[in-house]
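Commentary on secondary and tertiary structure
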Amino acid sequence: MKRILTALAATLIAAGASAQATWPSRPIKLVVPFTAGSGTDIIARTVGDAMSRSIGQPVLVENKPGAGGTIGAAQVAKSEPDGYTVLIHSSGHALNPAIYPALPYDTVKDLTGVTPLAALPNVLVVSPSRGWKTVSDVIAAAKSKPGQMNYASAGTGSATHMNAEKFKLRAGIEVQHVPFKGTPEALTDVIGGRNDWFFAPLSSSLSLIKEGKLQALAVSTAQRSPALPDVPTTVEAGVPNSDYTFWVGMIVPAATPPAVVKRLHEEVMKALASPEVKERMVKLGAEPFTMEPAAFNAYIRTEMESAALIAKTANLKAQ
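A brief structural summary. (Residues numbered from 1 in each chain as written. Predicted model: local features only at pLDDT ≥ 70, side-chain atom pairs only at ≥ 80, totals over all residues. Heavy atoms only, no water.)

As for the overall build of the protein chain
Scanning the protein chain from terminus to terminus reveals 11 helices and 11 strands. Along the longest, intermediate and shortest principal axes, the C-alpha atoms of the protein chain span 75 × 40 × 30 Å. For the protein chain, the share of sequence-separated contacts (at least 6 apart) that also reach a separation of at least 24 residues comes to 79%. Surface summary for the protein chain: the accessible area is close to 13700 Å², and the carbon and sulfur share equals 55%. Of the charged side chains in the protein chain, 30 are positive and 25 negative; the average position of the first set lies 3 Å away from that of the second. (Helix = DSSP H or I, 4+ residues; strand = E, 2+ residues; numbered from the N terminus. Contact = heavy atoms within 4.5 Å. Areas by Shrake-Rupley, 256 points an atom, 1.4 Å probe, with all protein chains shown as cover. Lys, Arg positive; Asp, Glu negative; His and termini not counted. Charge placed at Lys NZ, Arg CZ, Asp CG, Glu CD.)

Here it is, written out as structure tokens:
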């Protein structure tokens, strides 16, 4: 028996070494479970382009939006665990198990983290036509018409949904959730005045803010964003414990060989360290945010616990 186990271990080690040596031998697909132009999509394309140049293989983005990112996540969870089908998800990944009672995959058992890629501020935006200049203006308007104000999100279970729900709880307001297929669609409705406000990824909304099409009232992070230094945080704006970090990360099927996960991690670190990506991230208002695979998996589990608590308090359920 001992000889059999030793031989099996040797075979697995050899297989892992072989996988790392031959990977990548063909194009890599990054599955983004949100629409093109979303914060997650922009980060995926930025990192993917840099990885492609380094590894000498095409790195292609496939958008599979819907159901708060669970459609794309399910596709990757059921894919061949060979490092060629990779999920680029957001912090909404940690919320989905709490609000979708029948997910077609197990977030912990079927998927494993490679590394976060970036932390992105969300920014509370409204149409300039509303005339609101501060967070207090929005809260006062919501309290004057309980349940009549609405807010947009990039989908039920998305990071933008989670951010808004946490803000709503801390601000003590009653507003209606209007989920969209993705961030661009939600932004269009807010600009058009059909939705009152949106916690939009800064990477997707910064140009619209600078063009005057959107009014930025606050950022979601604990500190102000260097990209919008004059815009306060939601905490500074008078809503305690309302800060929320929108992260984007790389995730693969759980059975992916450790050697391939390690190589993916190395290539991402190389991409994030490149001057072009660093410059792009600054322009997007994104902050560096990386971890080793084991640490990222532990972080996801912690995020799941926190998200489950907010989902229970807010009575969040997928519709």
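Past the structure itself, the notes keep going.
Notes on the sheet that holds strand S5 (residues 122-126)
The 5 strands lie next to each other as S7-S6-S8-S5-S9, forming an open sheet whose pairing is mixed. With partners counted over all chains shown, the strands left at the sheet margins are strand S7 (176-179) and strand S9 (215-219), one partner each. With strand direction ignored, the average angle separating the axes of adjacent strands in the sheet is 30°. The pairing of strand S6 (residues 150-153) with S7 spans 4 bridges and is parallel. Among the inter-strand pairings, Tyr151 is bridged to a residue of S7, identified as His177. The strands that helix H5 (residues 135-144) touches are S5, strand S8 (197-201) and S9; relative to S9, the one it contacts most, it runs at about 95°. Along the sheet face, helix H6 (residues 159-171) touches S5, S6, S7 and S8 and points at about 130° away from the line of S8. (Pairing = 2+ DSSP bridges. Axes fitted to C-alpha atoms, helices over the stretch in contact; angles between N-to-C directions.)

Comments concerning helix H11 (residues 293-314)
With 22 residues, H11 extends 31 Å between its outermost C-alpha atoms, agreeing within 8% with the 32 Å of an ideal straight helix rising 1.5 Å per residue. All of the buried residues in H11 are Pro293, Phe296, Asn297, Ile300, Glu303, Met304, Ala307, Ile310, Ala311 and Ala314. An end-on view of H11 places all buried positions within 140° of arc, on one side of the element. Of the exposed residues in H11, the ones pointing more than 90 degrees away from its buried face are Ala294, Glu305, Leu309, Lys312 and Thr313. In this structure, the buried residues of H11 make contact with helix H4 (92-99), strand S4 (111-120), H6, strand S10 (246-253) and helix H9 (258-273). (Expected span 1.5 Å × (residues − 1). Buried < 20%, exposed > 50% of the residue type's maximum accessible area, 1.4 Å probe, protein only. Arc of directions from axis to C-beta.)

Considerations on the packing of aromatic side chains
For the structure on display, the rule yields 8 aromatic pairs. Where Trp197 meets Phe199, the ring centres are 5.9 Å apart and the plane angle is 90°; that geometry is what we call edge-to-face. Considered together, Trp197 and Phe199 belong to a single accessibility category, that of buried residues. Look at Phe289 and Tyr299: their rings are 5.6 Å apart centre to centre, the planes differ by 80°, and that puts the pair in the edge-to-face class. Of this pair, Phe289 sits in the loop between strand S11 (287-288) and H11 while Tyr299 sits in helix H11; the two residues are 10 residues apart in sequence, bridging distant segments of the chain. Taken together, the ring pairs connect Tyr151, Phe167, Trp197 and Phe199 into an aromatic cluster. If you follow Arg26 out to its NZ or CZ, it ends over the ring of Tyr84, 3.8 Å from the centre. (Phe/Tyr/Trp six-rings, centres within 6.5 Å; stacked < 30°, edge-to-face > 60°. Lys NZ or Arg CZ within 6 Å of the ring centre and 35° of its normal.)

Looking at the packing of H4 against H11
Where H4 meets H11, the closest approach of the two axes is 8 Å, and the angle between their N-to-C directions is 50°. Relative to H11, the element H4 lies oblique. The two elements H4 and H11 meet at a crossing, and its hand is right-handed. Residue-level contacts link His93, Ala94, Leu95, Pro97, Ala98 and Ile99 of H4 to Ile300, Glu303, Met304, Ala307, Ala308 and Ala311 of H11. For the contact of H4 with H11, the class distribution of residues is 10 nonpolar, 1 polar and 1 charged. (Parallel < 35°, antiparallel > 145°, perpendicular 65-115°, else oblique. Left-handed = near helix turned anticlockwise from the far one by under 90°. Nonpolar A, V, L, I, M, F, W, Y, C, P; charged D, E, K, R; others polar.)

Examining the sheet that holds S10
Strand order in the open sheet made by the 6 strands is S2-S1-S3-S10-S4-S11, with mixed pairing throughout. Pairing within the sheet leaves two strands with one partner each, and these edge strands are strand S2 (59-63) and S11. With 5 bridges connecting them, strand S1 (residues 28-32) and S2 associate as parallel partners. Bridge assignment links Val31 to a residue of S2, and that residue is Glu62. Running at roughly 80° to S4, H11 makes contact with S4 and S10 of the sheet.

Observations regarding the pattern of salt bridges
The full count for this structure, using the stated rule, is 13 salt bridges. Arg45 is the partner of Asp41 in a salt bridge, and the nearest nitrogen-oxygen pair spans 2.9 Å. Of this pair, Asp41 and Arg45 both sit in helix H2 (residues 39-55), 4 residues apart, which is roughly one turn of the helix. Of the residues examined, Arg45 reaches a relative accessible area of 33% and is grouped as partly exposed. The partner of Arg224 in a salt bridge is Glu236, with the nearest N and O atoms 2.8 Å apart. Of the two residues, Arg224 is situated in the loop between S9 and S10 and Glu236 in the loop between S9 and S10; the sequence distance between them amounts to 12 residues. One salt-bridge network, in which partners are shared between bridges, spans Arg263, Glu267 and Lys270. (Salt bridge = Lys/Arg side-chain N within 4 Å of Asp/Glu carboxyl O.)

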